[in-house]
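# Topology and contacts: notes
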Amino acid sequence: MTMDLFSQSQNANGLVGSETGAVQEIPLVDGELTLHTNGFSTQEADHYFTQLQESLAWTQEKISMYGKTHNVPRLSAWYGDDGVPYTYSGITAYGLPWTESLQAIKAKVEQLASAHFNSVLANLYRDGSDSVSWHADDESELGPAPVIASVSLGQERTFQLKHKFDKTLKTNVLLPHGSVLIMRGATQQHWLHQIAKSRRAMSPRINLTFRLVDKRLAEASAKR
Ligand SMILES: O=C(O)CCC(=O)C(=O)O
């Protein structure tokens, strides 16, 4: 049985997230989710989308699986405070310095989340065939109960969640242009999330996930 977690805020499609101006505390077993549907006005979101699409250092990362190298199905870029490391595919690297736009977005998001962030992972989904597969943001350097603030600009996509241990628990959240989804508490310990591929014609989407990386823990896990 799939639990009906969103009976008060579902739209006609059974998805949440389409109410203008809404701040929704989304009830989630073993987790905490808040969706600011209009965290950024349409005008601000339009401006930042164009600005970031043109100016961020978008990179095609590669992943090795079963002895073969594949392109990751999206472009990405890391930015952060000086000396904040991040690790991917066993490699430790350092983020680029904040751009003016990213700093302005970070300030707004920190206010919405009442939290401080020192790095951001930017993802560019070029069309519906770009995606991110099931995972949790549960790296040890984020701590046991990280606050992650996720900004969506451009094409609305569906953020899918499934519980790690109780297979009956799953849900979908629509992430519209200008929205900010905040995950906190035990969410990363108990839930996986993904943006699935879609066969529908889709325009580009930029996602920014702001995080607070513990430098000492990141360096320690890189040495392991
Ligand atoms: O694009 C999204 O909304 C999710 C991105 C994500 O899960 C990640 O970067 O870890």
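Just above sits the structure.
Presented here is an overview of the structure given in this document. Computed from a predicted structure; not experimentally measured.

This brings us to the overall build of the protein. Along the protein, the regular secondary structure elements total four helices and 15 strands. Counted over contacts in the protein with a minimum sequence separation of 6, partners at least 24 positions apart contribute 73%.

Each strand in a sheet pairs with another by means of backbone hydrogen bonds, the pair being arranged parallel or else antiparallel. If you walk across this open sheet you meet the four strands as β9-β14-β11-β12, and the pairing is antiparallel. Looking at strand neighbours, the two that pair on one side only are β9 (132–135) and β12 (170–175), the edges of this open sheet. This sheet shows a mean twist of 15 degrees between the axes of neighbouring strands, independent of strand direction. The pairing of β9 with strand β14 (residues 191–195) spans two bridges and is antiparallel. Looking at β14, one finds that V132 is bridged to I195.

We now examine the sheet that holds strand β1 (residues 23–28). Strand order in the open sheet formed by seven strands is β1-β2-β13-β10-β15-β8-β5, with antiparallel pairing between adjacent strands. Single-partner strands in this sheet number two, and they are β1 and β5 (75–80). Averaged over neighbouring strand pairs, the angle between their axes works out to 20 degrees when direction is ignored. Where strand β10 (residues 148–154) lies against strand β13 (residues 179–184), five bridges are found, and the strand directions are antiparallel. Opposite A149, over in β13, you have I182 as the bridge partner. Across the sheet, helix α1 (residues 42–55) is in contact with β8 (119–125), β10 and β15 (205–211); its angle to β10 comes to roughly 90 degrees.

Before going further, it helps to examine helix α2 (residues 100–113). Relative to the 20 Å expected for 14 residues at 1.5 Å per residue, α2 spans 20 Å between its end C-alpha atoms, a close match to the ideal helical length. Every buried residue belonging to α2 is among L102, I105, K106, V109 and A113, and all of these are buried. Projected down its long axis, α2 carries its buried residues within an arc of 105 degrees, all on one side. Among the exposed residues of α2, those pointing more than 90 degrees away from its buried face are E100, Q103, A107 and Q111. Close packing links the buried residues of α2 with α1, β5, β8, β10, β13 and β15. One or two positions beyond α2, positive phi appears at S114, with a value near 50 degrees.

Mapped onto the elements of the fold, N118 is located in the loop between α2 and β8. The partly exposed category is assigned to N118, around which 18 C-beta atoms lie within 10 Å. Each residue touching N118, except ones within four places of it in the same chain, is listed here: G80, D81, V84, L212 and V213.

The phi dihedral of D30 falls on the positive side, at around 65 degrees, and the residue is not glycine. In this fold, D30 is placed in the loop between β1 and β2 (31–36). One non-glycine residue with positive phi stands out, namely S114, at about 50 degrees. Among the structural elements, S114 can be located in the loop between α2 and β8.

The next thing to look at is the site of the ligand. Contacts to the ligand come from L121, N123, V132, D137, S150, F159, L175, H193, I195, N207 and T209. Breaking the shell around the ligand down by element, the ones donating at least two residues are β8, β14 and β15. Class assignment of the residues belonging to the shell around the ligand gives a composition of five nonpolar, five polar and one charged.

Counting residues in each nonpolar core, the largest one holds 41 residues, and the members touching the most others are V120, A122, A149 and L181. Here this core takes five residues from β8, the largest share from any one element. Ignoring anything within four residues of it in the chain, the contact list for A149 reads V109, A113, F117, V180, I182 and F210.

Along the polypeptide, Y94 turns up in strand β7 (residues 91–94). A tally of 14 C-beta atoms within 10 Å means that Y94 is categorised as partly exposed. Measuring from C-alpha to C-alpha, the distance between Y94 and D81 comes to 9.0 Å, with 13 residues separating the pair along the chain. In contact with Y94, not counting residues within four places along its chain, are G83, V84 and P85.

So, how was this worked out
Residues numbered from 1 in each chain as written. Predicted model: local features only at pLDDT ≥ 70, side-chain atom pairs only at ≥ 80, totals over all residues. Helix = DSSP H or I, 4+ residues; strand = E, 2+ residues; numbered from the N terminus. Contact = placed C-beta atoms within 7 Å. Pairing = 2+ DSSP bridges. Axes fitted to C-alpha atoms, helices over the stretch in contact; angles between N-to-C directions. Expected span 1.5 Å × (residues − 1). Buried ≥ 20, exposed ≤ 12 C-beta atoms within 10 Å, placed from the backbone. Arc of directions from axis to C-beta. Near = placed C-beta within 6 Å. Nonpolar A, V, L, I, M, F, W, Y, C, P; charged D, E, K, R; others polar. Core = buried A, V, L, I, M, F, W, Y, C linked by C-beta atoms within 7 Å.

Nothing here speaks to function; it is geometry throughout.
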